[in-house]
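Each chain is listed here by its residues.
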Amino acid sequence: MRKAALTSLPPTELKAEVRLRRRNYLLCAVGFLLSGASHPLTLGRVIPEVLVVHAAWSAVFIALGIAVGARWLAARSTSALAAFISLIALMFDIRFTGGISSPFFPGLYAVPLIIAVFTPGHRKPTLVACVLTLVSLLLTCWWSGASFQVTLSQVFSFAFVAWISAYGGRTFRRLRDAEREADRERVEALQRLAESERLRAQAERNRAEMERLAVLGKLAAGVAHEVNNPLAYVKSNLGFLGEELREQAPDVEELRRVLEETQQGVQRIQQIVADLRRFSRDTSEAEEHCAVDDAVAEAQRLASVRLRSLGEVVRDVAPELPRVRISQRHLVQVLVNLLLNAADALDAAEQRRPARVVLRATLTPAGVRLDVEDNGPGIPTTALSRLFEPFFTTKPPGKGTGLGLALCREYVARAGGTLVAENRQEGGARFTLLLPGTVRQGAA
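Please read these numbers as outputs of a predicted model, since none were measured by experiment.

Novice: Describe the overall build of the protein chain, listing the residues and the values that go with them.
Specialist: Across its full length, the protein chain carries 12 helices and 6 strands. In the protein chain, which comprises 444 residues, the share counted as buried stands at 40%. Total accessible area computed for the protein chain in this model is approximately 24800 Å², and 60% of it derives from carbon and sulfur atoms.

Okay, structure coming up:
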């Protein structure tokens, strides 16, 4: 029969308590053997009956230890059985060695304490042991012919020991329950922390997705124009090709030239669609570094659908720049945000003048520096200190989320870089990114 009292414990606690119980039984068995073997020293003579009692006592406790270790017996059954056997053995010892004056008589007081050690998590075994020991104490006093006063004094002495046994078991239970409650609360706190971290990560992904969709919305109007231009001359060229092929002797060189122009138009449309699809895709890239010139070219292509109608866009990228420690998707998103902000500033300028946006990348001792400059009205002085705060925007209601620049700085900072903004002396705004480099392109 399994130990029913322990089945509700966690597996690790269950194993630990079973080991503790088994060890206690085996240690007590050794103690009983030693006390039986040493009784001639205390009594001055050998009493065979005592040797037999202690040998049997020890054998029973060894059997209990084995049964507990194998979980053949229930915990309360072994505890109650141990208490009952110990009381009987002690009563025989006391009976054979002089009754109330026997040196084994004080051992009765220890029975409740022994049971409390065996069953620290249960109250009933200790209380039953106290009652049975009290009965054994009264029987021993009666066998020994003790007076009422002596019997009463023994009862009062035992009552103190019984109280210590019961109180000690209760204290242990409270400490154990408090420890389990603390463990439970700690596990719940860790679970709440994990859930909070999961929700925070989800909110961050949602925020990034919202900003990416907002950027796509800004690009949407320009995309139609960018696609319509090449589509128009593709359509025109296809019509020309159809007319030429109906001629008896078409000009092959002219047909080849028109066909090449048509292919360039189709490639331009494909490039626009591919850039938009890659920019809108919500994927976590394993490669957290990229080539600066590739990211700058992609960002310029994406932003050109908005900037082309405003004025000149200059790209100035130094040769042989090292790769930087940021994913291409994030770097492209940062640059597109900055380019579109420049376009919005230029579009909102009161004094119209030819717009000029510069996207520059240079090498520095710490890595790569990227500048996005425009010749617009610049950043209001009151807004410079709050420009990268989440949900802060200088745009009219409905024109911005207030998350773009905050996300840009977050992506750059996560890569170990910096992003700052300032007004140019010549007029307009400048955003500067400093990104740590990795390995130079073309290096082995």
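Novice: Would you mind going over the environment of Ala 345 in detail, with residue names and values included?
Specialist: With respect to the element layout, Ala 345 can be found in helix α10 (residues 328–348). Judged by its relative accessible area of 24%, Ala 345 falls in the partly exposed class. Residues Ala 345 and Asp 374, 29 residues apart in the sequence, show an inter-C-alpha distance of 8.6 Å.

Novice: Any chance you could break down the packing of aromatic side chains for me, citing the residues and the numbers?
Specialist: One pass over the full model with this rule turns up 5 aromatic pairs. Between Phe 32 and Phe 61, the aromatic rings sit 4.9 Å apart at their centres with planes inclined by 85 degrees, giving edge-to-face as the arrangement. Linking Phe 32 in helix α1 (residues 11–37) with Phe 61 in helix α3 (residues 48–70), this pair joins segments that are 29 residues apart in sequence. Comparing Phe 32 with Phe 61 shows no difference in burial state: the two are buried. Ring pairs connect the aromatic residues Tyr 25, Phe 32, Trp 57 and Phe 61, which therefore count as one cluster.

Novice: I'd like a description of the side chain of Thr 151, backed by residues and values.
Specialist: Along the chain, the position of Thr 151 falls in helix α7 (residues 148–245). The residues contacting Thr 151, other than those within four sequence positions of it, are Leu 138, Cys 141 and Ala 146.

Novice: I'd like to hear about α3, residue by residue, with values.
Specialist: Between its first and last C-alpha, α3 extends 33 Å over 23 residues, near the 33 Å set by a 1.5 Å rise per residue. Within α3 the residues assigned to the buried category are Val 50, Val 53, His 54, Trp 57, Ser 58, Phe 61, Leu 64, Gly 65, Ala 67 and Val 68. Arg 71 sits one or two residues past α3 and shows a positive phi near 60 degrees.

Novice: Lay out the nonpolar core with the relevant residues and their values.
Specialist: Within the largest apolar cluster, 44 residues are counted, with the highest numbers of intra-cluster contacts made by Leu 331 and Leu 370. Looking at this core, the elements with two or more residues in it are α9 (292–307), α10, β3 (355–364), β4 (367–374), α12 (404–414) and β6 (429–440). When residues of this core are assigned to their parent elements, the largest contribution, 11 residues, is made by α10. Those residues in contact with Leu 331, other than ones at most four positions away along the chain, are Cys 290, Ala 295, Val 324, Ile 326, Leu 433 and Leu 435. Grouped together as the second largest cluster of nonpolar side chains are 31 residues, Ile 47, Leu 108, Tyr 109 and Leu 137 included.

Novice: Give me the environment of Ile 62: which residues, what numbers.
Specialist: Examined against the element boundaries, Ile 62 turns out to sit in helix α3. With 38 residues separating them in the primary sequence, Ile 62 and Asn 24 have C-alpha atoms 10.0 Å apart. Other than its neighbours up to four places away in sequence, Ile 62 contacts Leu 26 and Ala 29.

Novice: Hey, could you go over the pattern of salt bridges for me, with residue numbers and the actual values?
Specialist: This structure, assessed with the given rule, holds 13 salt bridges. The partner of Glu 373 in a salt bridge is Arg 424, and the shortest N-O contact between them spans 3.8 Å. With Glu 373 in strand β4 and Arg 424 in the loop between β5 (418–423) and β6, the pair connects residues that are 51 residues apart, well separated along the chain. For Glu 426, the salt bridge goes to Arg 424, with nearest N and O atoms at 3.8 Å. Residue classification places Arg 424 among the buried positions, given a relative accessible area of 18%.

Scoring rules and cut-offs
Residues numbered from 1 in each chain as written. Predicted model: local features only at pLDDT ≥ 70, side-chain atom pairs only at ≥ 80, totals over all residues. Heavy atoms only, no water. Helix = DSSP H or I, 4+ residues; strand = E, 2+ residues; numbered from the N terminus. Buried < 20%, exposed > 50% of the residue type's maximum accessible area, 1.4 Å probe, protein only. Areas by Shrake-Rupley, 256 points an atom, 1.4 Å probe, with all protein chains shown as cover. Phe/Tyr/Trp six-rings, centres within 6.5 Å; stacked < 30°, edge-to-face > 60°. Contact = heavy atoms within 4.5 Å. Expected span 1.5 Å × (residues − 1). Core = buried A, V, L, I, M, F, W, Y, C linked by side-chain atoms within 4.5 Å. Salt bridge = Lys/Arg side-chain N within 4 Å of Asp/Glu carboxyl O.

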